[in-house]
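# Coordinates in review
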Amino acid sequence: MSAAAEAGLRRILSVVDLLIDAVDEDSLVPALLPLLLGALPGDSVIWSPRPDPAHPLRTLPDDLLSQDVLDAFDRGWSCDSFVRHTRIGSGTPLRRSSLQTAGEFHALPVYADVYRPFGAERQLAMSFPAGYAAGGPRRVTVVVSRDRRASDFSDADVAAAGLLRSRLSRVLGRLAPPAPAPAGELVTRRESAVLGLLADGLTNQQIAHRLAISPRTVDKHLEHAYAKLGVGGRVAAANAWLTREAGPPGGSPP
């Protein structure tokens, strides 16, 4: 392994070590942002949970974005394909330059009012599921920026972001589980069928095939069941279902 590769691995491991020890989100994020800037070297990082009124947007440096910049972004983000990728697309790690030339970026209506004020000429962004907030599923977007004097993000940077993305998602899901279902809200028969197959170790695709439904429908049943069981992911749901008291689940099929 080259010296550069070893240094990159050490930067990633420093983030992973912090995630392993995380006990709450309020203490995690301030410590996490400088480590993210070390693992994905840049001049600034934006951490944006949505929707989550209890945990607002954070940046490093702290005063990176003025209110004028935030207002301009809210008005014009939909015209930016790079932002659409993280907000409503898959959210996989992506360089801005993979979608736009420098000329196309500078021609965006939001460039002069949003990106140029904080020197965001090169950007790498990703988003990921991050548990639950405000009664529903939440996503976090992470954007690292460099100024025009720096080189663009490398393939190694994108790969490092991919490694961190799955780990960040798991930890945030653990720290922000769904609220317990209201008393009397029971798992439906179809949800129980999905949970039973999940507990047997089947994938969503296999569950969909077994029940003659679509994988997307399986996802929705699991999302509803997670909230009712008070869990945040597949393993916890399977364990909760296996340890549930014997007896048929209540409710009626959807």
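Conventions adopted
Residues numbered from 1 in each chain as written. Predicted model: local features only at pLDDT ≥ 70, side-chain atom pairs only at ≥ 80, totals over all residues. Heavy atoms only, no water. Buried < 20%, exposed > 50% of the residue type's maximum accessible area, 1.4 Å probe, protein only. Helix = DSSP H or I, 4+ residues; strand = E, 2+ residues; numbered from the N terminus. Pairing = 2+ DSSP bridges. Polar contact = N/O pair within 3.5 Å; in protein donor to acceptor, adjacent residues only side chain to side chain. Contact = heavy atoms within 4.5 Å.

## Overview of the pairing of strand S4 (residues 122-133)
The buried fraction of S4 is high, at 10 of 12 residues. Inspection of the sheet shows strand S3 (residues 94-95) paired to S4 by 2 bridges, in the antiparallel sense. Along S4, the bridge assignment pairs Leu94 with Ala125. Direction of pairing for S4 relative to strand S5 (residues 136-146): antiparallel, over a ladder of 10 bridges.

## Topic: the environment of Asp63
Tracing the sequence through the fold places Asp63 in the loop between strand S2 (58-60) and helix H3 (67-76). Expressed as a C-alpha distance, the spacing of Asp63 and Phe118, which sit 55 residues apart in the sequence, is 9.9 Å.

## Details of the side chain of Gln123
If you trace the backbone, Gln123 turns up in strand S4. For Gln123, a relative accessible area of 2% puts it in the buried group. A polar side-chain atom of Gln123 sits 2.9 Å from a polar atom in the side chain of Arg96. With residues near it in sequence (within four places) discarded, Gln123 still touches Phe82, Leu94, Arg95, Arg96, Tyr115, Phe118, Val143, Val144, Ser145 and Phe153.

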